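Residue-level structural notes
These are the residues of each chain, in order.
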Protein chains: 2
Amino acid sequence: MPRHTLYHDALTEDSTEALISGDEAKHALRVKRIRDGDEVGVLNGRGLGGMAIARTRGRDLLLEIREIGMQERVQPQIDVWTATPKGPRSGEMIDALSQVGAFGWSPLATSRANVDPSSARVDRLARVAMEAAKQSARAWLLEIGGAHSFEEALDGAGGGGVVLADASGEAYDATGAEEIRLLIGPEGGWTNDELSAARDAGVRIARFGPHVMRIETAAPTACAIVIDAEQRLRAT
Amino acid sequence: MPRHTLYHDALTEDSTEALISGDEAKHALRVKRIRDGDEVGVLNGRGLGGMAIARTRGRDLLLEIREIGMQERVQPQIDVWTATPKGPRSGEMIDALSQVGAFGWSPLATSRANVDPSSARVDRLARVAMEAAKQSARAWLLEIGGAHSFEEALDGAGGGGVVLADASGEAYDATGAEEIRLLIGPEGGWTNDELSAARDAGVRIARFGPHVMRIETAAPTACAIVIDAEQRLRAT
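Residues numbered from 1 in each chain as written. Chains lettered and ligands numbered in written order. Predicted model: local features only at pLDDT ≥ 70, side-chain atom pairs only at ≥ 80, totals over all residues. Heavy atoms only, no water.

Some points on the overall build of chain A
For clarity, the cut-off: Elements are defined by DSSP. Helices are runs of H or I of four residues or more, strands are runs of E of two residues or more, and each kind is numbered from the N terminus. Between buried and exposed lies partly exposed: a residue is buried under 20% and exposed over 50% of the maximum accessible area for its type, with that area taken using a 1.4 Å probe on protein chains only. Contacts were defined at the residue level, with two residues in contact if any of their heavy atoms lie within 4.5 Å. Surface accessibility in these figures is a Shrake-Rupley result with a 1.4 Å probe; residues are shielded only by whichever protein chains are displayed.
Helix and strand content of chain A: 6 helices and 11 strands. The C-alpha extent of chain A, read off along each of the three principal axes, is 60 × 40 × 30 Å. The burial tally for chain A puts 53% of its 236 residues in the buried class. Of all intrachain contacts in chain A linking residues separated by at least 6 positions in sequence, the fraction that spans at least 24 positions is 74%. With the model as given, the accessible surface of chain A reaches about 10,600 Å², and the carbon-plus-sulfur share is 46%.

Set out below in structure tokens:
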């Protein structure tokens, strides 16, 4: 594991070199103190990742690619839809969701919370997802989706691929599903109407811990437990 | 679930009233806007928790206790020993560990990190644990322990009650242990010497996700997965 990973959108499987400039190079040189000859990671955010030797070229960095290949996406693909935490907590949540291996995140409107993030905030969250990908050498960026209604969240739940986190549920049972939509409610919890509608639609209700959690803790925790349970099922 | 919970150290099982003053009352009145007649939670941090009706008494709050009882501790008791994250991240970690249900936390010295928090910082972390307990209605405070060496971390590992998080391990297997010590390494990872020593001592090595995680994400994630797996084993 190299001690720093760089993002390079134009990276392809045939790349032998990559020229990093601008903020990305500045950060690597000044903050991460990458020096000529250091081994670094490189990724394009769409599955391609590799190792390279860094060469300093003034304010730029030239990467000599030594190894490159497609990383598999984490299985199953967990798309996490949540009420949006306030202020900096949405960034903390995206960061943690990236680290635990979520496929994507979308803001979810619920009866008790309707925080539809502004486009400026969505841009900021996408930057957090990129920094998190570099930090954990994750070649696929976490996808930031558009806002959804609660009705949309229940859509297609009959197949067992929609899971809602609530203290009224049992422990999560792995099913082997390849794609799972995981719903995390607002601080005040789901309303009884929402819980009934979810049950009627065939949503699986699961509990992911003994205590009440804030959104930015509940989302990565539930996602990590689902991935762990599903991967264990696949290993047996 | 009341929308605010108060800490009262002197609470006993026979308490019928509790007078809250100072910062705790100020925070409840000014920030949480608790009003005369509101239902609130109350806990003593040592397992006792209940519900009360708040009565305003000038700058104080008088709680009329309506319900009180001992909460069971979360089983199994997970004591999480970690390299100490830098700056505010140690507080974020304690907050998340409280929410997911860890028993306690201790700083762990490792070859690649030796961050022994100052006593001022330990006091701050204890305050974070108290706020987190109130937020998630957790009647037992997370215990903040003293610093330990890596040798101490391996002590007694033969019984299977010591688990070390590392990408080289398999998925966590529940054992039914009542007390588990969970070891989380520094950003640079464990050294090969540490991993060998752990294996020789009978420590179980487990992996808790597909990507590299920072300490403050890895610790609550691993703890939540262990609690989930152990509680599922007990339910079958």
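Here we look at the sheet that holds strand β4 (residues 48-57) of chain A
Sheets are built from strands paired through backbone hydrogen bonds, the pairs being either parallel or antiparallel. Residues and elements named next belong to chain A. To keep it simple, the criterion reads: Strands pair, by our definition, only if DSSP identifies at least two bridges between them. Lines are fitted to the C-alpha atoms to define the axes, a helix being fitted only along its stretch in contact, and any angle between axes, read from their N-to-C directions, falls within 0 to 180 degrees.
A sheet is described by the order of its strands in space; here 5 strands give the open sequence β1-β3-β4-β5-β2, paired in mixed fashion. The open sheet has two free edges, formed respectively by β1 (5-7) and β2 (17-20), since each of these has just one partner strand. Across the sheet, the mean angle separating the axes of adjacent strands is 35 degrees when strand polarity is ignored. When β1 meets strand β3 (residues 39-43), the two strands line up parallel, connected through 3 bridges. By the bridge assignment, tyrosine 7 is partnered in β3 with leucine 43. Helix α1 (residues 22-31) rests against β1, β2, β4 and β5 (60-70) of the sheet, and its axis sits at about 95 degrees to β5.

A look at the sheet that holds strand β11 (residues 204-207) of chain B
All names here are of chain B. Ordered by their spatial adjacency, 6 strands build an open sheet running β8-β7-β6-β10-β9-β11, and the pairing between neighbours is parallel. One side of each edge strand has no neighbouring strand; the edge strands of this open sheet are β8 (143-144) and β11. Inspection of the sheet shows strand β9 (residues 162-171) paired to β11 by 5 bridges, in the parallel sense. Bridging across to β11, alanine 165 finds its partner in alanine 206. Relative to the sheet, helix α2 (residues 89-100) contacts β6 (77-82), β7 (104-107) and β8, its axis offset from that of β7 by approximately 150 degrees.

Comments concerning the relation of the copies chain A and chain B
As a reminder, the rule being used: Here the copies were fitted onto each other by least squares, based on C-alpha atoms from residues at pLDDT of at least 70 in both.
For the pair chain A and chain B, the best superposition has an RMSD of 0.0 Å and corresponds to a rotation of 180 degrees with a translation of 0.0 Å parallel to the axis. Such values leave the two copies arranged in the relation of a two-fold axis.

Considerations on the side chain of aspartate 95 of chain B
Tracing the sequence through the fold places aspartate 95 of chain B in helix α2. Leaving out residues up to four positions away in the same chain, aspartate 95 of chain B has contacts with Arg214 of chain A together with Val128 and Ala132 of chain B.

With respect to the interface of chain A and chain B
Keep this limit in mind: Here the buried area means the combined drop in accessible surface, using a 1.4 Å probe, for two parts upon being joined, counting both sides. Only one rule defines a salt bridge in this text: a Lys or Arg side-chain nitrogen within 4 Å of an Asp or Glu carboxyl oxygen.
Across the contact, 30 residues belong to chain A and 30 residues belong to chain B. Summing both partners gives a buried area of about 2,500 Å² for chain A against chain B, and 56% of it is carried by carbon and sulfur. For the pair chain A and chain B, the interface holds 2 salt bridges. When the shortest N-O distance is used, the salt bridge between aspartate 95 of chain B and arginine 214 of chain A registers 2.5 Å. Those elements that provide at least two residues to the side of chain A that touches chain B are α2 (89-100) and α6 (215-235) of chain A. Of the residues forming the side of chain A that touches chain B, the biggest block, 8 residues, is contributed by α6 of chain A.

Observations regarding helix α3 (residues 119-135) of chain B
An α-helical segment advances 3.6 residues per turn. Residues three or four places apart therefore align on the same side. Residues and elements named next belong to chain B. Worth spelling out the cut-off: What a helix should span is 1.5 Å times the count of its residues minus one.
Its 17 residues give α3 an end-to-end C-alpha distance of 24 Å, which sits within 8% of 24 Å, the value for a rise of 1.5 Å per residue. Within α3 the residues assigned to the buried category are Arg121, Leu125, Val128, Ala129, Ala132, Ala133 and Lys134. Turning to α3, the residues buried within the fold contact β1 (5-7), α1 (22-31), β3 (39-43), α2, β7 and β8. Residue alanine 137 follows α3 closely and has a positive phi angle near 55 degrees.

Looking at the layout of surface pockets
The cut-off we apply is this: For cavity detection a 1 Å grid was placed over the protein atoms alone, and a set of points counts as a cavity when a 1.4 Å probe fits there but cannot get out; an open set counts as a pocket when protein lies on both sides within 12 Å along at least five of seven lines, with lining residues being those that have an atom within 4 Å of a point. Grid points are joined across faces, edges and corners, and a volume is the space filled by probe spheres set on the points. Three categories are distinguished: nonpolar for Ala, Val, Leu, Ile, Met, Phe, Trp, Tyr, Cys and Pro, charged for Asp, Glu, Lys and Arg, and polar for the others, with Gly belonging to the last.
Space inside the second largest pocket adds up to approximately 1,500 Å³. Forming the boundary of the second largest pocket are 47 residues, of which Gln135 of chain A together with Glu187, Val212, Met213 and Arg214 of chain B lie nearest the centre. Partitioned by chemical class, the residues of the lining of the second largest pocket number 21 nonpolar, 12 polar and 14 charged.

Regarding the packing of α6 of chain A against helix α6 (residues 215-235) of chain B
We apply this condition: Oblique is the label for any angle not covered by the other classes, which are roughly parallel (under 35 degrees), roughly antiparallel (over 145) and roughly perpendicular (65 to 115). Should the near helix be turned counterclockwise from the far one by less than a right angle, the crossing is left-handed, whereas a clockwise turn marks it as right-handed.
Where α6 of chain A contacts α6 of chain B, the axes come no closer than 9 Å and their chain directions differ by 55 degrees. By the angle between their directions, the pair α6 of chain A and α6 of chain B is classed as oblique. Crossing of α6 of chain A against α6 of chain B: the hand is right-handed. Contacts between α6 of chain A and α6 of chain B involve Thr221, Ala224, Ile225, Asp228, Ala229 and Arg232 of chain A from the first element and Thr221, Ala224, Ile225, Asp228, Ala229 and Arg232 of chain B from the second. Among the residues making up the contact of α6 of chain A with α6 of chain B, the classes are represented as 6 nonpolar, 2 polar and 4 charged.

Some remarks on the domain arrangement of chain A
Residue and element names in this part refer to chain A. How we decide: Bear in mind that the domain bounds are from an automatic or database domain assignment. The definition of a polar contact used here is a pair of N or O atoms within 3.5 Å, where within protein one atom must be able to donate a hydrogen and the other to accept one, and adjacent residues in sequence count solely through side-chain atom pairs.
Here the domain parsing of chain A yields domain 1 (5-70) and domain 2 (77-235). The interface of domain 1 with domain 2 comprises 12 residues on the first partner and 8 residues on the second. Surface buried jointly by domain 1 and domain 2 totals about 770 Å² across both partners, of which 66% is contributed by carbon and sulfur atoms. The interface formed by domain 1 and domain 2 holds 1 salt bridge in total. Lysine 134 is the partner of glutamate 24 in a salt bridge, and the nearest nitrogen-oxygen pair spans 2.9 Å. For the pair domain 1 and domain 2, the interface holds 5 residue pairs in polar contact (both at pLDDT 80 or more). Secondary-structure elements contributing two or more residues to the side of domain 1 that touches domain 2 are β1 and β4. For the side of domain 1 that touches domain 2, the leading source of residues is β1, giving 3 residues. Of the residues that constitute the side of domain 1 that touches domain 2, the class distribution is 5 nonpolar, 5 polar and 2 charged.

Comments concerning the side chain of asparagine 44 of chain A
Residues and elements named next belong to chain A. For asparagine 44, the location among the structural elements is in the loop between β3 and β4. On the basis of relative accessible area, asparagine 44 is assigned to the buried category, the value being 5%. Of note is the side chain of asparagine 44, whose polar atom sits 2.8 Å from the backbone nitrogen of arginine 46. When residues no more than four places from it in sequence are discounted, the contact partners of asparagine 44 are Tyr7, His8, Asp9, Leu11 and Ala139.

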